[in-house]
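# Chains, contacts and geometry: an overview
Read off the chains here:
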Amino acid sequence: MRSPIACLVALGALLAPLAWSSTSRADASAWTFVGAGAVGWKQGDADLVFDGALSLDVGVGTTPDAPVIVGGLMRATPILDSGIDLALLARVATRGFQAGQLGLALDVGGYRRFWGVGSTGVAGALTLGAPLGISLSLQGSYGTDDAVAFGAVAGIDLLRLTVYRQSLLPLWPNPLPAQQSRDVAWR
């Protein structure tokens, strides 16, 4: 019969090679967007109403070094004087969008409205990303009980402004960029 200490030492010796690794890099893309705009919405036979709206996005995606980034995000859209719509969306974005330069992102997924009569359906957005994380998003949704909403939201993505920013590097260096390679075309 072997002692427990000898077994632990043997097990440690066997597992020690698993603790060693060479240098690796596995960065992911991420989004944290805040914005405001206007939304036109209606449900059922009601008249079309225009209200102010906010948009708050949080999400993650594949490596920011890829030419196309795929990920997912959660969007909360508080429609002022009405309620909040929550959406879970898939995102496809260009590298230029993620690097805080010029680029596009397309979001598609489902949403749920918890106010009024309520509604469940499909939501989407096309977002134009500009330098420094500035974005203009055209958003829309269609759901049960003939719920329709469309609008435009402008704002800033805080992570694209800081961690992922590859624009204006000579004037404002990014000391710890998430990207492995720097795109010199947009400096």
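Further up the page is the structure itself.
Description of the structure in this document. Being a predicted model, the structure only gives us computed values, none of them experimental. For every chain, the first residue of the written sequence is number 1, and numbering continues from 1 along that sequence. At least 70 in pLDDT is required for a residue's local features to be given in this predicted model, at least 80 for side-chain atom pairs to be given and counted, and no such filter applies to totals for whole chains, interfaces and linings, which use all residues. The side-chain figures draw on all heavy atoms in the structure; neither hydrogens nor water molecules are used.

## Let's talk about the sheet that holds strand 5 (residues 103-113)
Two strands are said to pair when DSSP picks up at least two bridges between them. What counts as a helix is a DSSP run of H or I of at least four residues, what counts as a strand is a run of E of at least two, and both are numbered from the N terminus. Around the barrel, which closes on itself, the 8 strands sit in the order 1-2-3-4-5-6-7-8 with antiparallel pairing between neighbours. Direction aside, the axes of adjacent strands within the sheet are offset by 25 degrees on average. Judged from the 10 bridges that link them, strand 1 (residues 29-42) and strand 8 (residues 147-157) form a sheet pairing that is antiparallel. Bridge pairing in strand 8 links G40 to F150. To get an axis, fit a line to the C-alpha atoms, keeping to the stretch in contact for a helix; angles then go from 0 to 180 degrees between the N-to-C directions.

## Describing the packing of aromatic side chains
We call Phe, Tyr and Trp rings a pair once their centres come within 6.5 Å, taking the six-membered ring for Trp, and we label the pair stacked below 30 degrees between planes, edge-to-face above 60, and tilted otherwise. What the rule picks out here adds up to 2 aromatic pairs. Ring centres of W41 and W115 lie 4.8 Å apart, and the angle between their planes is 90 degrees; this geometry places the pair in the edge-to-face category. Taken together, the residues W41 in strand 1 and W115 in the loop between strand 5 and strand 6 (119-129) connect sequence positions 74 residues apart. Exposure is judged per residue with a 1.4 Å probe applied to protein chains only, and the accessible area is read against the type maximum: over 50% gives exposed, under 20% gives buried, and values in between give partly exposed. According to the relative accessible area criterion, W115 is buried, its value standing at 12%. Summarising the aromatic geometry, the rings of F50 and F150 are spaced 6.2 Å apart at their centres and angled 80 degrees between planes, so their arrangement reads as edge-to-face. Taken together, the residues F50 in strand 2 (residues 49-61) and F150 in strand 8 connect sequence positions 100 residues apart. Judged by its relative accessible area of 40%, F150 is partly exposed. By the criterion adopted, a ring carries a charge over it if an Arg CZ or a Lys NZ lies within 6 Å of its centre and within 35 degrees of its normal. Across from the ring centre of W31, 4.9 Å away, lies the NZ or CZ of R91, which sits over that ring. For R160, the ring lying beneath its charged end belongs to F97, and the centroid distance is 3.9 Å.

Taken by themselves, the reported measurements are silent on function.
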